[in-house]
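# Chains, contacts and geometry: an overview
Below are the chains, spelled out letter by letter.
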Amino acid sequence: MPELPEVETIARQLNEVLVGKIVSQMTVYREKIFSGDKDVLIGKKITKVSRRAKVVGVEFEGFEDVVQIHLKMTGQLIFVEKTKKTQELKTDKTQVFEKRVAGGHPSVDWTNDLPSKHTRVEIIFDDDSVLFFNDMRAFGWVKITNREEREKQASSLPPDVIDESFTLDYFAQVLKKSKKPIKLVLLDQQLMGGIGNIYANDALNMAKILPTRKACDLNVSEARKLYKAVRYVIELGIKCGGASAANYVDTKGLGGTYQNHFLTYKRDGEPCNNCGEKILKVKLGGRGTFYCPNCQV
Ligand SMILES: [Zn+2]
């Protein structure tokens, strides 16, 4: 599942390639994924692509509504721009140069010809470049939202952990109120936005706290260490362009590299970076949970 750093990365990359593009055609292959009137977008010029929580927002010139995209479990956004160049040789051969930006759930569609059988929405721009929204399991969505809907969303969301409003004070208050295992509190998107399984495991290792500890039992110094660790791993994730544990992604320079920095995630049986003890794996709340039995108490 794409986590905050992966969603932030694709939003930033799309912002670089989509600004200034004008929508010329839009095809919805799967009705349940899309809500809104797609015809209103034709002729509109993109001014900005950004992220809020795990939702990508696309803004247009002179248009108050925003196209919002949620990748959920298996969503991907892939931008493809092809330029043909006819070489002035005896053969008159035409070469096609392709620029590609891909993010979200990694799969062979990142590098394959598109549309594929998982393409749900396709937006073609006036220069023939295309943005594909693919989603194998089709839990994701693309929605045209008005200002009122977006304000309602914003007021029901907790701060993202990289927001300024996510303060140590806020974090400590949340922990104090919960008797649940600390790792489940970190993952609870109703309490704080943006920590997925990879980053929760690594933050707890960095702060030397056992994932199963009751949140309310953490002392002030532990809460501070964990707060810093959470911000650190998420920011490192963004810097690395997210994580993408899949082989083919490197072939075209697609995908992030946070997997090279995993402290505990999917490293069971391997030595802890800090003390050399073997990383253990247990299930907690149905999710793979990785920790060092020596450092984490
Ligand atoms: Zn250790």
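Residues numbered from 1 in each chain as written. Predicted model: local features only at pLDDT ≥ 70, side-chain atom pairs only at ≥ 80, totals over all residues. Heavy atoms only, no water.

Which entries qualify depends on this criterion: UniProt positions are given in the numbering used here, feature names are shortened, and annotations may be inferred rather than shown by experiment.
UniProt annotates the protein under Sequence similarities (unreviewed entry) with the comment "Belongs to the FPG family." Comment text from UniProt for the protein, heading Subunit (unreviewed entry), reads "Monomer."

### Quick notes on the coordination of the zinc ion
Think of it this way: four donors in a tetrahedron around the metal ideally sit 109.5 degrees apart, and six in an octahedron ideally sit 90 or 180 degrees apart. Which entries qualify depends on this criterion: Only N, O and S atoms count as donors, using a 2.8 Å cut-off from the metal and 3.2 Å for Na, K and Ca, and because water is excluded some sites may appear unfinished. Under this scheme a four-donor centre is tetrahedral when all angles range from 85 to 135 degrees, a four-donor centre is square planar and a six-donor centre octahedral when opposite donors are above 155 degrees with the rest from 65 to 115, and any other centre is irregular. Secondary structure is summarised from DSSP: a helix means a run of H or I of at least four residues, a strand means a run of E of at least two, and numbering begins at the N terminus for each. Relative accessibility under 20% of the residue-type maximum defines a buried residue, over 50% an exposed one, and the middle range a partly exposed one, all with a 1.4 Å probe and only protein chains included.
Looking at the zinc ion, one finds its protein donor set to be Cys272 (SG), Cys275 (SG), Cys292 (SG) and Cys295 (SG), positioned 2.2 to 2.4 Å from the metal centre. Coordination at the zinc ion is tetrahedral: its four donor atoms span angles of 99 to 115 degrees at the metal. For the zinc ion, all donor residues lie on one chain, and their spacing in sequence is C-x2-C-x16-C-x2-C. Taken as a pair, cysteine 272 in the loop between α6 (220-239) and β11 (280-284) and cysteine 292 in the segment after β12 (287-291) lie far apart in primary sequence, 20 residues in all. According to the relative accessible area criterion, cysteine 272 is buried, its value standing at 4%.

### Concerning empty space enclosed by the protein
Keep this limit in mind: In the cavity and pocket records, a cavity denotes points on a 1 Å grid over the protein atoms alone where a 1.4 Å probe fits but cannot get out, a pocket denotes an open set with protein on both sides within 12 Å along at least 5 of 7 lines, and lining residues are residues with an atom within 4 Å of a point. Grid points are joined across faces, edges and corners, and a volume is the space filled by probe spheres set on the points. Amino acids outside the nonpolar list (Ala, Val, Leu, Ile, Met, Phe, Trp, Tyr, Cys, Pro) and the charged list (Asp, Glu, Lys, Arg) are all regarded as polar, and Gly is one of them.
This model, assessed by the stated rule, comprises two cavities of 30 Å³ or more. Its boundaries defined by the atoms lining it, the largest cavity holds a volume of some 50 Å³. Lining of the largest cavity is provided by Val23, Ile46, Val58, Phe60, Val67, Ile69, Ile123, Phe125 and Leu131. Put simply, the parts of the chain that give the lining of the largest cavity at least two residues each are β4 (55-60), β5 (63-70) and β8 (119-125). Here the residues of the lining of the largest cavity are counted per class, giving nine nonpolar, no polar and no charged. Here the second largest cavity defines a volume of roughly 40 Å³. Those elements that provide at least two residues to the lining of the second largest cavity are β8 and β9 (130-135). Along the lines of polarity and charge, the residues of the lining of the second largest cavity split into seven nonpolar, no polar and no charged.

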